[in-house]
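Examining the three-dimensional arrangement
As a plain string of letters, each chain reads:
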Amino acid sequence: MATTGTDDETIDRSLVTTGLLERREYQTQLAESALSAHTLVCLPTGLGKTAISLLVTAHRLYETGGKALLLAPTKPLVTQHADFYREALSIPDDEIVVFTGEVRPAERGELWADAQVVIATPQVVENDLVGNRISLASVTHCTFDECHRATGEYAYNYIAERYHEDAADPLVTGMSASPGDDEEAILQVCANLGIDNVEVMTESDADVSEYTHETSVEWKRVELPETVEEIRDLIQEVITERLTSLKELGVTGRTDPSLSEREIQKIQGRVRGLMDDDQSEGYQGMSLLAEVRKLRTAVTYVETQSVESFEQYMDRQREAARSSGASKADQRMVSDPNVQRAVRLAEEYDGLHPKYRRARMLIAETLGINDGERVIVFTESRDTAEALTEFLGDHFTVERFVGQSDTDGSEGMTQTEQQDTLERFRAGEFEVLVSTSVAEEGLDVPEVDLVLFYEPVPTAIRSIQRKGRTGRQTEGRVVVLLAEDTRDEAYFWKARQDEKKMEQQLRGLKDAAGTIEGKLGEQVALDGVPEEAVSADGDGGETGEGSAREGESTDGKPDESDGQAGLDAFAGGASSSEEESESGDGDSERQNGESGSERQDGEAVVATAEGEDEVEIVVDQRELDAAIPRDLSTRSGVETRLETLEVGDYVLSDRVVVERKSVEDFLDTLTGGDRSLFEQVGDAARHYGRPVVILEGENLYGKRNVHPKAIGGALASLAVDFGASVMQTAGEEETADLLEVIAEREQERDDREVSVHGEKQSKTLTEQQEYVVASIAEVGPVTARALLESLGSVEAVMTAEKEELLAVEGVGEVTADRIREVVSSSYSS
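This text gives an overview of the structure that appears in the document. Counting restarts for each chain, with residues numbered from 1 along the sequence as it is written. Local features are withheld for residues below a pLDDT of 70 in this predicted model, meaning they are given only at 70 or higher, and side-chain atom pairs are given and counted only at 80 or more; totals for whole chains, interfaces and linings count all residues. Water and hydrogen atoms play no part in the side-chain values, which are based on all heavy atoms of the structure.

Let us look at the sheet that holds strand β7 (residues 197–200). Two strands qualify as a pair provided DSSP detects at least 2 bridges between them. Secondary structure elements are taken from DSSP: a helix is a run of H or I of four residues or more, a strand is a run of E of two residues or more, and numbering for both begins at the N terminus. With parallel pairing, seven strands are arranged side by side in an open sheet as β3-β4-β2-β5-β6-β1-β7. Strands with a single pairing partner mark the edges of an open sheet, and in this sheet they are β3 (96–99) and β7. Strand after strand, the sheet turns through a mean of 15° between neighbouring axes, direction not considered. Looking at chain direction, strand β5 (residues 139–145) and strand β6 (residues 172–176) are connected through four bridges and run parallel. Bridge pairing links Asp145 to Met175 in β6. Whenever a helix is involved, its axis is fitted only over the stretch in contact; in every case the axis is a line through C-alpha atoms, and angles between N-to-C directions fall within 0 to 180 degrees.

A few words now on the packing of aromatic side chains. Aromatic rings from Phe, Tyr and Trp, taking only the six-membered ring of Trp, are treated as a pair when their centres fall within 6.5 Å; an angle between ring planes under 30 degrees marks them as stacked, one over 60 as edge-to-face, and anything in between as tilted. For the structure shown, the criterion picks out ten aromatic pairs. Ring plane angle 75° and centroid distance 6.1 Å describe the contact between Phe84 and Tyr85, whose orientation is recorded as edge-to-face. Any residue under 20% of the maximum accessible area for its type is buried, any over 50% is exposed, and the rest in between are partly exposed; the area is computed with a 1.4 Å probe on protein chains only. Tyr85 sits in the buried class, given a relative accessible area of 1%. A positively charged side chain is recorded as over a ring if its NZ (Lys) or CZ (Arg) lies within 6 Å of the ring centre. The angle to the ring normal must also be within 35 degrees. Across from the ring centre of Tyr454, 5.0 Å away, lies the NZ or CZ of Lys355, which sits over that ring. Between Arg785 and the ring centre of Phe722, over which it is positioned, the NZ or CZ distance is 5.7 Å.

Here we come to the pairing of strand β2 (residues 67–71). Buried residues dominate β2, accounting for five of its five residues. Of the two faces of β2, the one lined by Lys67, Leu69 and Leu71 and the one lined by Ala68 and Leu70 are each fully buried. Where β2 lies against β5, five bridges are found, and the strand directions are parallel. In the strand pairing of β5, Leu71 is matched with Phe144. In the sheet, β2 pairs with strand β4 (residues 117–120) via four bridges, with the strands oriented parallel.

Here strand β19 (residues 690–696) runs beside strand β20 (residues 725–729); their pairing, made up of five bridges, is parallel. In the strand pairing of β20, Ile694 is matched with Met727. With respect to chirality, the unit in which β19 leads through helix α25 (residues 708–721) into the neighbouring parallel β20 is right-handed. With strands facing away from the observer, any crossover in which the path from the first strand over the helix to the second runs clockwise is taken as right-handed.

Relative to each other, helix α12 (residues 307–322) and helix α14 (residues 337–348) sit at 135°, their axes nearing to 10 Å. As far as their axial angle goes, α14 and α12 are oblique. For the crossing formed where α12 meets α14, the hand is left-handed. Of the residues in α14, those in contact with Val307, Phe310, Glu311, Met314 and Arg318 of α12 are Val339, Ala342, Val343, Ala346 and Glu347. When residue character is reported, Ala, Val, Leu, Ile, Met, Phe, Trp, Tyr, Cys and Pro are called nonpolar, Asp, Glu, Lys and Arg charged, and the others, Gly included, polar. The class makeup of the residues in the contact of α12 with α14 is seven nonpolar, no polar and three charged. Oblique is the label for any angle not under 35 degrees, not over 145, and not in the 65 to 115 range, which are roughly parallel, roughly antiparallel and roughly perpendicular in turn. In a left-handed crossing the near helix is turned counterclockwise from the far helix by less than a right angle, and in a right-handed crossing that turn is clockwise. When checking whether two residues touch, look at their non-hydrogen atoms; a contact exists if any pair is within 4.5 Å.

Right, let's get into a negative patch on the surface. What goes into a patch is any residue over 30% in relative accessible area without a salt bridge, connected to like charges within 9 Å or, for nonpolar side chains (Val, Leu, Ile, Met, Phe, Trp, Tyr), within 5 Å. Per-residue accessibility takes into account occlusion by the displayed protein chains alone, with areas from the Shrake-Rupley method and a 1.4 Å probe. By salt bridge we mean one thing: a side-chain nitrogen of Lys or Arg within 4 Å of a carboxyl oxygen of Asp or Glu. Charged-residue counts in this description rest on Lys and Arg as positive and Asp and Glu as negative, His and the chain ends being excluded. Lysine's charge is taken at NZ, arginine's at CZ, aspartate's at CG and glutamate's at CD. On the surface, Asp93, Asp94, Glu110 and Asp114 cluster together to form a negatively charged patch. Relative to the assigned elements, Asp94 resides in the loop between α3 (75–88) and β3.

All right, on to the environment of Thr436 then. In this structure, Thr436 sits in the loop between β11 (432–435) and β12 (450–453). Take Thr436: its relative accessible area is 8%, and that puts it in the buried class. Distance in space between the C-alpha atoms of Thr436 and Thr379 is 5.2 Å, their sequence separation being 57 residues. The residues touching Thr436, leaving out its near neighbours within four places in the chain, are Phe378, Thr379, Ser381, Arg382, Ala385, Phe401, Val402 and Gly403.

Listed below in C-alpha cells is the structure:
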C-alpha cells in the first residue's frame, strides 16, 4: 500500500488518516454507490471490502454525525477491524470501541454512549438491544461483514430489523466475497438486511484485475491403505444392519451405508411422525437413527481424517456409553462386535493416513524447492488439527489456530492467543499454520504461498473464503487432498459445482442489477410495506416507521436529487484537530430514550416503563435461546430488559413471575427426567404472589405415553400445592402475546411496578427441612412433605429402613431404594 501521501496515490478524505489508504478506483466507486442506498458489496477476498465500509463510515460521521456500527461474526475479526479503524480514521482511539462477550454488559452501556464507532459481534449487540442497554436511533451507518450469514435465526437479521425501525437516518452496507450459493440465497440475504442495491466486482473487472493474481487449484488423490478400508467396511456393515432394522419399521427403503444426508433427514421426519402418533416404533427408530448418525461420523473420521482421529472419536463414544444416563444407542453401538473389531484394528495400526505424507511432501516442495515462506493447512476436525500440528512439527515450524471453545481432549485458544499467533505468523516466526474453520472468514491472514485443504468442504462459500488466503500479491496455489472413493469426492464436486454456479450468479447479478432490485421490490410488496415508506437516506425517518426495504424509486434506487453528497464533496477537509473535534460533536442525540445504560445489573427494583403506553418485561438471560425476547423487543409499547434472574424466566410485575416450560420438558418431569420444575415453582411462589407456569406446545395429553392422571396430578400440584396459574400456548409467538397481555394488565390497569428480587428470601425451618429431603435422589417437594409428615423429622427420614419408607404414601420400591442408596453408600470423590 502506497504511503507517499500524494493525491494520486492515496485517498485524501475527511476523517481518513492522510496518506494511509492506497487509492483504488474500484474502492471509491463502490463506496459512492454504498453511500446512495442500502448496498450489498460483493468483492473477492483480500481486495479491501473493509476499506470501502470505512470510507462510507467516515463520510457519514462527518456529514451526518451520529455513530457507526460494524458487525463481524468472530472476536478475532472484530479485533482486526478495530485495529484497522483506529489506524485509518482520524478520530480518538477511545471513541472506537469493541463489544464482545468479554466486555461486561454494564460497561457496554457506558462505552456505547461515548463512542463514535462500535465494532462488535452480533450476538452481543442483539443481547444489548433485547435488554434495552443500547439504542440504534443515532447510528447513521451499519456494516454487516460476512453478510452471507444473514439467514435463518442469525443475529444479523434481528439487528437489521431493529436498525431500520429505530434509526432516524439508517444506511446499511453488507460485505461478502460469497453472498450465497444461488440467486435465491442472495436475494434472501438482501431481504433480511433491508438491502435494495447490489454492487458486484469480480476479478475479471479491469479496475480489480491489476490487484489480483491467478490462483491455481489442484486436487491430489490419495489411495486408502488396506487396513483403513477394512476398518471402514466393518463400520459400514453395522450401518447396513441398523438401516435394515429401520427398513423393517417402514421408514426407509434403503440400506446402503452411503445414503445422503438428505435421505437421513427424510428418515428422521418419518420417525418423528411415528413418535407424534405415540407409536413405540418411533422411539425405537430414533434410537437406531442416532446410532446410524454416529457410525457415519466414525466412517468420515477414518476415511477422510486419520486412524488416530477415529480412535479419539470412538474413545469419546465409549466414555459416553459408560456414563450415567447413557442412551441405548451409545451402549449398543460400542458393544457391537464389528465396531469392537474395527477399534482393535485401529489400535493395532501403526501406519499413517496417506494424507499426512502427501501434506508433508507438498509443504516441503513449497517451502524448500520453491522458496516459499508461508503455508496454511485447513481441516474440518479439531482432532486432525492437533495431530497434524504434532506430525508436521517434526519437519517444519508449525502452530495450530483453533476456536475459543474447549472440546474433549483439546483446549481452545483465547482471543489473546489467537491474535498473538496471527501476528507471529505475519512476522514469519513460523512457516505453517494449521487451522480449523475459524481462520476462513475475513481474518487478515498474511499472503501465503500454498493453501492446503486437508479435505474438501461441501459449500462454495467456505471454499471461496479459504482460497482467498492466497493470490493477493503474487500467483497463489490451492491444493485439495481427496481420499479416493470416499465422501471427500462427493464434497469436492458439490463445492466445485456450487462455486461455478455462484460465480455465474454474481456475473448475472452484475449484469442485471435492475432485475435484482426489481425482485427485491416485489418482496417488499409481498411483505405489505406501504408505498409511502421511508427512503434509504432517511427521508421521513422521524416517523419511526422505516422498513428494511423502503424508499425505492422506479429504477430501484433512491432519488439522486435528495441532496445526498458524494465522497468528493468532503475531500480534503477536516485535516486539523479543530475540525476533527467539531465532527465529533454531531452526536448530541445519540442516547435519546436510552435509560438502560444508567442502570446497574442486579438492582432489586427496575423503574416502571416510561410513557403511558409502555410496559416493561424483564427477561432472564438464559431465555435468549428462544425467539420470544427478540419478538417482544420489536413490539411497539413493550420495553424489554435482561437480567440474570434468581427466580423465573420473565418478570411482569411485583407479583407476577413466569416460568416457561415446553410440553416435552414438562412431560420429562413425569417420566424420570429433571424434577427441578417443582422446585423452581416453589421458589417463585415464595417470592411472588401470582406465579404463572406457561406450558408451550401442543398435544399435552397425547404427545407421550403418559397416563392422563399423572399429567393431571402434576398440574394439580402446581396449582394447589404451589398456588401457580398454569396456562398453555401453542408456540413461542403465542407465549409472547400472553406475556404482553399479562404485563399490560398488571402495569397499566393495576398500576403495578416491576420488581426483580436479586437474592432469594431466607427459607423457614419447615422449608429448609422440605428442601433437604426433596434433594435426596430427586424425591421432589410433594414426596418430601409426605415423608416428613409420616416420619416426623429429617433425621428419621435419613435413618428409616426400606420397609418404613415403603409405608409412606407415594413412596414405591424405586424411590425407597434410591433413598437408601444415597443415605447409606460410602462417599467417593
